[in-house]
Amino acid sequence: MMNEITPETIDWENLDFSYIKTDYRFISKYKDGKWDEGELTTDNQLHISEGSTALHYGQQCFEGMKAYRTEDGSINLFRPFENAKRMNNSCERLLMAPYPEDKFVEAVKEVVRANEEWVPPYGTGASLYLRPFMIGIGDNVGIKAADEYIFSIFATPVGSYFKGGMKPSNFLVSTYDRAAPRGTGAAKVGGNYAASLLPGKEAKGRSFSDAVYLDPETHTKIEEVGAANFFGITKDDVFVTPKSPSILPSITKYSLLWLAENRLNLKTLEDDVYIKDIDQFKEAGACGTAAVIAPIGGLQIEEDFHVFYSETEVGPVTKRLYNELTGIQFGEIEAPDGWIEKV
Ligand code: PLP
Ligand code: COI
């Protein structure tokens, strides 16, 4: 079917987080122990062996990043080398072939340049989401790492991930786990997201934005907020975010930790966040590339509903963090050294 949406007809202000086929994607293949040069293609279909390890054993990983249009028309990437590094950590966990970090960032830039018309205009709040991913392919059947891989990057323009974006919404503490202790929670691999589909559906079915996951070992500490990390602001202005080996090391979270300390002059703490101590927080939110910062209005914990700042208003610290982060991403505020890479 023809793609109906074009950069000329797109409603930039009202984008949500869905797939829109753009013109070009990058694709590179790994065979006989090496990656080829890779190329841009207009074909968004992959033709792979039925024995591909990605299909049977979940040997795949991905990244999520964005390109931001600035006021002068140039395009910013936000800490792209961190995504390159994290993808290679995921590769290491699943015995996949690492992709050179400088080539990763170069390929991301190529994809953005080739799809430049799809980068949302400055001032719309939208951005071009980039999805690098790697899959194990080839003729296999036994449980072992593949000998061949595909690395690809596609792009799609997006708006808010959570409905309402910077409006507070409510979340449900799930009784399910997304990842096992000492499993793959810290890697960005599809299996973690497959495990989150049912709890996510359950939460959304009860009108919550998403599921909040507790630590899989004791179910006493907050870990993740759907596909985003958690942060809370205590009553005495400490920015707190969970420390756990089974959460994704969020690039947004580490950026907020730095900004909270160095730009907002808050104390910061990466530590256990016990659900029993939830009322220490006067504000709370979810943070991530797709989520940006999504304020958490209320949290359903078994039979109790806990409201942080407000179910309708955004707390002042959350707002300042949002302005600082997005100001840097869209080029309005000076970025710390090395955070912005021009396309
Ligand atoms: N946690 C999970 C499970 C995620 O999927 C994501 C999204 O990437 C994040 C946290 C946030 O990570 P980042 O800030 O690097 O996008
Ligand atoms: C991201 O924030 O980039 C994510 O990967 C979240 C989700 C869409 C999987």
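Residues numbered from 1 in each chain as written. Chains lettered and ligands numbered in written order. Predicted model: local features only at pLDDT ≥ 70, side-chain atom pairs only at ≥ 80, totals over all residues.

Chemist: Explanation requested: the site of ligand 1 in the structure shown.
Modeler: As a matter of local geometry, ligand 1 sits amid Gly64, Glu224, Ala227, Ala228, Asn229, Leu248, Ser250, Ile251, Thr252, Lys253, Gly288 and Thr289. Broken down by element, the residue count for the shell around ligand 1 peaks at 3 residues, all from helix 5 (residues 251-262). The residue inventory of the shell around ligand 1, partitioned by class, reads 4 nonpolar, 6 polar and 2 charged. (Near = placed C-beta within 6 Å. Helix = DSSP H or I, 4+ residues; strand = E, 2+ residues; numbered from the N terminus. Nonpolar A, V, L, I, M, F, W, Y, C, P; charged D, E, K, R; others polar.)

Chemist: Got a minute to help me understand the nonpolar core in this structure?
Modeler: Soluble globular proteins tend to bury their nonpolar side chains together. By size, the foremost hydrophobic cluster in this structure holds 84 residues, and its most contacted members are Val108, Val111, Leu130, Met134, Tyr149, Val212 and Ala291. Summarising the domain contributions, this core has at least three residues from each of domain 1 (25-158) and domain 2 (169-330). Not counting the four nearest positions on each side in its chain, valine 111 is found in contact with Tyr24, Arg25, Phe26, Leu130, Ile153 and Ala155. (Core = buried A, V, L, I, M, F, W, Y, C linked by C-beta atoms within 7 Å. Buried ≥ 20, exposed ≤ 12 C-beta atoms within 10 Å, placed from the backbone. Domains from an automatic or database assignment. Contact = placed C-beta atoms within 7 Å.)

Chemist: Sorry, what's going on with helix 5 here?
Modeler: Along an α-helix, residues three or four apart share an orientation, since each turn contains 3.6 residues. Over its 12 residues, helix 5 extends 16 Å from the first C-alpha to the last, a length consistent with the 16 Å expected when each residue adds 1.5 Å. For helix 5, the elements touching its buried residues are helix 2 (80-93), strand 12 (229-234), strand 13 (238-242), strand 14 (267-271), strand 15 (281-288) and helix 6 (316-329). (Expected span 1.5 Å × (residues − 1).)

Chemist: Even after reading the chapter, I still don't get the domain arrangement of the protein chain, so can you show me in this structure?
Modeler: One frequent convention defines the size of an interface as the accessible area lost when the parts assemble. Here the protein chain is described as being made up of domain 1 (25-158) and domain 2 (169-330). For domain 1 and domain 2, the distance between their C-alpha centres works out to 26 Å. Contacts between the two partners involve 22 residues from domain 1, matched on the other side by 13 residues from domain 2. Residue assignment for the side of domain 1 that touches domain 2 shows that the elements contributing at least two residues are strand 4 (60-62), strand 5 (65-69), strand 6 (75-78) and helix 2. Sort the elements by how many residues they give to the side of domain 1 that touches domain 2 and helix 2 lands first, with 6 residues. Per-class residue counts for the side of domain 1 that touches domain 2 are 8 nonpolar, 8 polar and 6 charged.

Chemist: Quick question: what am I supposed to make of unusual backbone geometry here?
Modeler: With the exception of glycine, most residues fall at negative phi, and the peptide bonds are largely trans. The phi angle at arginine 79 is positive, at roughly 50 degrees, despite the residue not being glycine. Mapped onto the elements, arginine 79 comes out in the loop between strand 6 and helix 2. Under the C-beta neighbour-count criterion, arginine 79 is labelled buried, with 22 such atoms within 10 Å. Positioned with a positive phi, asparagine 265 is a non-glycine residue whose angle comes to about 55 degrees. Take asparagine 265: it is sitting in the loop between helix 5 and strand 14. Residue asparagine 265 is classed as exposed on the basis of its C-beta count, with 8 C-beta atoms lying within 10 Å.

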